[in-house]
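Here's the letter readout for the chains.
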Amino acid sequence: MESIYLQKCLGTCLTQGLAEVARVRPVDPIEYLALWISKYKDIVTMEQLRQKEMIDLEHERQLAQMEQEMMERLKAEELLFQQQQLAIQLELEMQEKEKKKAEELQRAQALSKELMMDSGKTLAEISDRYGAPNLSRVEELDEPMLSDVALNIDQDL
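Residues numbered from 1 in each chain as written. Predicted model: local features only at pLDDT ≥ 70, side-chain atom pairs only at ≥ 80, totals over all residues. Heavy atoms only, no water.

Under an unreviewed UniProt entry, the name given to the protein is DPY30 domain-containing protein 1, and the source organism is Myodes glareolus. In its Sequence similarities (unreviewed entry) section, the UniProt entry covering the protein states "Belongs to the dpy-30 family." (UniProt positions renumbered as here; feature names shortened; annotations may be inferred.)

Set out below in structure tokens:
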């Protein structure tokens, strides 16, 4: 049982340390082994810290990638929404223009009907301005009649 504990906790460290002592053959092997084990512990601790940082960095990278994908989806949705809003706005503007055209057409038709009904009225009756002249109707003579008179005069001469 004790051997399993020692092998688990000190096996690699002690084996490598003793191999290093045998290779270097220092004057004080116990002090050398103690310093080597201390340095080994620092190296192992740093390696564990580096591994933890690598895991954390990978996790942060995955989160950043997910966030970037979400931002791209949001931008795409926003663009789609803006396009839909623009289409709706254009449709409303077209409907408004059609409505104005229809209203203008109705006004023009009403005005033409009113003008046809008012064709027998004088200028003062048609105009709503103050001081409009109250002129009576004057009938014009047909031009061919005047031409005939002028031809008759020319022939007499």
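Draft legend 1. Representation of unusual backbone geometry. Residues other than glycine seldom take positive phi values, yet R25 does so here, at roughly 55°. The residue R25 is located in the loop between α1 (2-24) and α2 (29-117) in this model. The exposure class of R25 is exposed, given its relative accessible area of 70%. (Helix = DSSP H or I, 4+ residues; strand = E, 2+ residues; numbered from the N terminus. Buried < 20%, exposed > 50% of the residue type's maximum accessible area, 1.4 Å probe, protein only.)

Draft legend 2. Structural view of the pattern of salt bridges. The final tally for this structure, using the stated rule, is 5 salt bridges. Across the pair E103 and R107 runs a salt bridge, and its minimum N-O distance is 3.9 Å. Placement of the pair is E103 and R107 together in helix α2, with a separation of 4 residues, close to one helical turn. (Salt bridge = Lys/Arg side-chain N within 4 Å of Asp/Glu carboxyl O.)

Draft legend 3. Layout of α1. Taking the largest bend as the criterion, α1 deviates by roughly 65°, centred on L10. Among the residues making up α1, those that are buried are G11, C13, G17, E20 and V21. Looking one or two residues past α1, R25 carries a phi angle of roughly 55°, positive in sign. (Bend = angle between axes of the 7 residues up to and from the residue.)

Draft legend 4. Inspection of a nonpolar patch on the surface at higher detail. Residues Y5, L6, L10, L14 and L18 make up a contiguous nonpolar surface patch of roughly 470 Å² in combined accessible area. Relative to the helices and strands, L10 resides in helix α1. Since its relative accessible area comes to 38%, L10 is described here as partly exposed. (Patch = residues over 30% accessible without salt bridge, like charges linked within 9 Å, V, L, I, M, F, W, Y side chains within 5 Å. Areas by Shrake-Rupley, 256 points an atom, 1.4 Å probe, with all protein chains shown as cover.)

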